[in-house]
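Remarks on the overall topology
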Amino acid sequence: MLPERRTAARTGLAALQLAPILVSVVWQASWVGLLLHSSDPLGRLRHLDWYAFFQAGHRLLAGDLQALYPRELREEFLWLYPPYCAYVTAPLGLLSEPWAYIVCCAVQVASVAGALTFLRAALSAERYVLDVSAVIASSFFNSAVIIGQASGFWALILAASLWSWHGRRAFVTGLLLALMLAKPNWGVVFPAMCLLTRQWRVLGGIAVGFGVMLLSSLPLGLERWHDFARTTHAYVDFVEQLTPMSKQLTMYAFWRTLPGLPHSHGGAITALWLASVLPLLAVTVAAWRRRWSEPTPPLPRLFGLTVLLTIAGNLYVYSYDGLLLLLPAIVWHVQGDQYRSRSRRLIGGCVLLVFVFGYVALTYGGVAWIGPLVALWLLGEAYDLLSAAPPVTTSRPAGSALGFQTWRVRQGALERRLGLAISARLWSRGTAG
């Protein structure tokens, strides 16, 4: 009877872990039903983000490069990526609108699946069902799939970078992180941390990757870079005036939406933003500098800490880009035994509230609470990293911390082999005598 009860308990636990996926099923089914009952489904779809990729692909294949970047910013077409990113949209230019939308949605699903796979390999996670179901049930995943945004692709790049770095493929890691420079306000954070910790091979990969991307844009003409700069500058005012701040995930959005503040005075809001972001930057740098010098640095946690800084400290991160938070959240859940109990509970509360407020922001708006929640999450992570016992100082050869770890493992294996050989020799002499 006892084995049957255990089997039933395991089945119930598995069902409970899969239950959050029902939220995604309801969301996606409601959206499909809305399209089917709409008098103009294509017209409704053209107002979503995937249409920018579709238009860019058509204009690229048609050779209409001057129209690649919009002269007037409209919600229907917001192509704001560097010129070399236009090549990615070329396949969409061969498709009809319905098929292009389906492909954009499918790419997001495949990208998130790839990101989860890379994370599981990097973290050697055994129990992974709850992590997967929580990501699928999140508002970040469902909104990105519905509108055909590229957030899943950025999550895939970061997860692949962590997997590569954890596997000591430093140069390949740099090549992957160079792709993040397609969003310059995100891409500069990791190179800065690599510079502080003197990860020259990673920085070399970033430099080579970015250089190749720059050279690939030359056939489009140098004028495209001028168009990109003009559009990016104009988009700042667009974000300030027309983009809902309540649906953003940054500390800047929090100060902009907090009641009682002089929102008409941009200088005051910027000062509050700087005052809240500089401490986050300071503790992130301190955690990297202190823990990276250890023989076995906690790379997944430091990587996730940098992702948190990228989101909370930025000026613009929209709700669907919360998919990037899957990386530090899964690291926390899988490696929970590395945390102090107080820090683990604090971060767990932040993760839960971010999940809840993700839906609140999409449905009701209001104050952008996710920004301070991510900031508190970052502070809890940094505090736990900095409060760890100092590592034992040992002599170490030249090289990175991960390289030193490999050297120590090989040295230990050699010492064990020598010990066994000496013991065997002494035993054989004793028996012979």
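By convention here, each chain's residues receive numbers from 1 onward along its written sequence. Residues qualify for local features only when their pLDDT is at least 70, as the model is predicted, and side-chain atom pairs are given and counted only at 80 or more; totals for whole chains, interfaces and linings, by contrast, use all residues. Each side-chain value is worked out from all heavy atoms of the structure, with water and hydrogens disregarded.

Description of the overall build of the protein chain
In DSSP terms, a helix is any run of H or I states spanning at least four residues, a strand is any run of E spanning at least two, and both are numbered starting from the N terminus. A tally of helices and strands in the protein chain yields 20 helices and zero strands. Looking at the protein chain as a whole, 47% of its 433 residues are labelled buried. Sequence-distant contacts, at least 24 apart, represent 76% of the contacts inside the protein chain between residues at least 6 apart. A 1.4 Å probe and the Shrake-Rupley method give the accessible areas. Residues count as covered only by the protein chains that appear here. On the protein chain, roughly 21600 Å² of surface is accessible, and the fraction owed to carbon and sulfur atoms is 66%. Think of it in three bands: residues with accessible area under 20% of the maximum for their type are buried, residues over 50% are exposed, and the middle band is partly exposed, with areas taken using a 1.4 Å probe on protein chains only. In this description, contact between two residues means that some pair of their heavy atoms is separated by no more than 4.5 Å.

A few points about the side chain of Thr-250
In this fold, Thr-250 is placed in the loop between helix H13 (223-241) and helix H14 (251-257). You can call Thr-250 buried: its relative accessible area is 0%. Any pair of nitrogen or oxygen atoms within 3.5 Å is treated as a polar contact; in protein, a donor-acceptor pairing is required on top of that, and neighbouring residues in sequence qualify only through side-chain atoms on both sides. Side-chain polar atoms of Thr-250 contact the backbone nitrogen of Ala-253, separated by 3.0 Å. In contact with Thr-250, not counting residues within four places along its chain, are Ile-311, Ala-312, Asn-314, Leu-315, Tyr-316, Val-317 and Gly-371.

Some thoughts on the pattern of salt bridges
Side-chain pairs of opposite charge can arise whenever the charged atoms involved come near each other. Definition used for salt bridges: Asp or Glu carboxyl oxygen within 4 Å of a side-chain nitrogen of Lys or Arg. Enumeration according to the criterion identifies six salt bridges in this entry. Between Arg-46 and Glu-97 there is a salt bridge, and its shortest N-O distance comes to 3.0 Å. In this pair, Arg-46 sits in the loop between helix H3 (41-45) and helix H4 (50-61) while Glu-97 sits in helix H5 (residues 97-123), placing the two residues 51 residues apart along the sequence. Assessed through its relative accessible area of 29%, Arg-46 is described here as partly exposed. Exposure remark for Glu-97: the relative accessible area of 16% places this residue in the buried category. Among the salt bridges present, the one from Glu-381 reaches Arg-301, with a minimum N-O distance of 2.7 Å. Of this pair, Glu-381 sits in helix H19 (residues 370-386) while Arg-301 sits in helix H16 (residues 299-312), placing them 80 residues apart in sequence.

Quick notes on a nonpolar patch on the surface
Exposure above 30% relative accessible area and no salt bridge define the residues that can form patches, which grow by joining like charges within 9 Å and nonpolar side chains of Val, Leu, Ile, Met, Phe, Trp and Tyr within 5 Å. Taken together, the side chains of Phe-171, Leu-175, Val-208 and Val-212 present a nonpolar region at the surface, about 310 Å² in accessible area. Of all the secondary-structure elements, those providing two or more residues to the nonpolar patch are helix H9 (170-178) and helix H12 (200-216). The topology assignment puts Leu-175 in helix H9. Look at Leu-175 and you get partly exposed, because its relative accessible area is 33%.

Overview of helix H7 (residues 139-147)
Burial analysis of H7 places nine of its nine residues in the buried class, the great majority of the element. The set of residues buried in H7 consists of Ser-139, Phe-140, Phe-141, Asn-142, Ser-143, Ala-144, Val-145, Ile-146 and Ile-147. Within two residues after H7, Gly-148 carries a phi angle of roughly 70°, on the positive side.

Section: the environment of Leu-218
Following the sequence through the fold, Leu-218 ends up in the loop between H12 and H13. Look at Leu-218 and you get partly exposed, because its relative accessible area is 47%.

Some remarks on the packing of aromatic side chains
When two rings of Phe, Tyr or Trp (its six-membered ring) have centres within 6.5 Å they constitute a pair, described as stacked for plane angles under 30 degrees, edge-to-face for angles over 60, and tilted for the intermediate range. What the rule picks out here adds up to 24 aromatic pairs. Centre to centre, the rings of Phe-118 and Trp-163 are 5.2 Å apart; their planes meet at 50°, and the pair counts as tilted. In this pair, Phe-118 sits in helix H5 while Trp-163 sits in helix H8 (residues 151-166), placing the two residues 45 residues apart along the sequence. With a centroid separation of 6.4 Å and an interplanar angle of 85°, the aromatic rings of Trp-154 and Trp-186 are classed as edge-to-face. Of this pair, Trp-154 sits in helix H8 while Trp-186 is found in helix H10 (residues 184-187), placing the two residues 32 residues apart along the sequence. Considered together, Trp-154 and Trp-186 belong to a single accessibility category, that of buried residues. In our convention, an over-ring charge means Lys NZ or Arg CZ found within 6 Å of a ring centre and within 35 degrees of that ring's normal. Between Lys-183 and the ring centre of Trp-186, over which it is positioned, the NZ or CZ distance is 4.7 Å.

A few points about the nonpolar core
Across soluble globular proteins, nonpolar side chains show a tendency to be buried alongside one another. One finds Trp-50, Trp-79, Trp-154, Leu-158 and Phe-303 to be the most contacted residues of the largest nonpolar core, which totals 116 residues. No other element matches the ten residues that H5 contributes to this core. Trp-79 has contacts with Ala-52, Phe-53, Ala-56, Leu-68, Tyr-69, Pro-70, Cys-85, Ala-86, Thr-89 and Thr-231, leaving out every residue within four places of it along the chain. Nonpolar core, defined: a set of buried Ala, Val, Leu, Ile, Met, Phe, Trp, Tyr and Cys residues in which side-chain atoms within 4.5 Å join the residues together.

Describing empty space enclosed by the protein
Any empty space left between atoms is shown by rolling a water-sized probe over those atoms. Buriedness for pockets is judged along seven lines, at least five of which must meet protein on both sides within 12 Å for an open set on the 1 Å grid over protein atoms alone, while cavities are sets there where a 1.4 Å probe fits but cannot get out, and lining residues have an atom within 4 Å of a point. Grid points are joined across faces, edges and corners, and a volume is the space filled by probe spheres set on the points. This model, assessed by the stated rule, comprises three cavities of 30 Å³ or more. One number sums up the size of the largest cavity: a volume of about 70 Å³. Contributions of two or more residues to the lining of the largest cavity are made by H10, helix H11 (189-196) and H16. Approximately 50 Å³ is the volume found for the second largest cavity. Lining the second largest cavity we find Ser-246, Gln-248, Phe-357, Val-360, Ala-361, Gly-365, Val-367, Ala-368, Trp-369 and Ile-370. In terms of residues, the lining of the second largest cavity owes the most to one element, helix H18 (residues 341-363), which gives three residues. When residues are sorted by character, Ala, Val, Leu, Ile, Met, Phe, Trp, Tyr, Cys and Pro go into the nonpolar class, Asp, Glu, Lys and Arg into the charged class, and all the rest, Gly among them, into the polar class. The residue inventory of the lining of the second largest cavity, partitioned by class, reads seven nonpolar, three polar and no charged.

Observations concerning the confidence of the model for the protein chain
A low pLDDT means the predicted coordinates there should not be read in detail. Residue-level confidence of the predictor, termed pLDDT, takes values from 0 up to 100. Per-residue confidence for the protein chain gives a mean pLDDT of 82; residues scoring 70 or more make up 81%. Here residues 392-411 is a poorly scored stretch, pLDDT under 50, and it has 22 contacts once near neighbours within four places are set aside; other chains count.

A short note on the environment of Ala-100
By the secondary structure assignment, Ala-100 is in helix H5. Not counting the four nearest positions on each side in its chain, Ala-100 is found in contact with Trp-50, Phe-54, Leu-92 and Leu-95.

A word on unusual backbone geometry
The residue Arg-168 is not glycine, and still its phi comes out positive at about 65°. On the secondary structure map, Arg-168 appears in the loop between H8 and H9. Arg-168 sits in the partly exposed class, given a relative accessible area of 45%. Positioned with a positive phi, Arg-198 is a non-glycine residue whose angle comes to about 60°. Within the fold, Arg-198 resides in the loop between H11 and H12.

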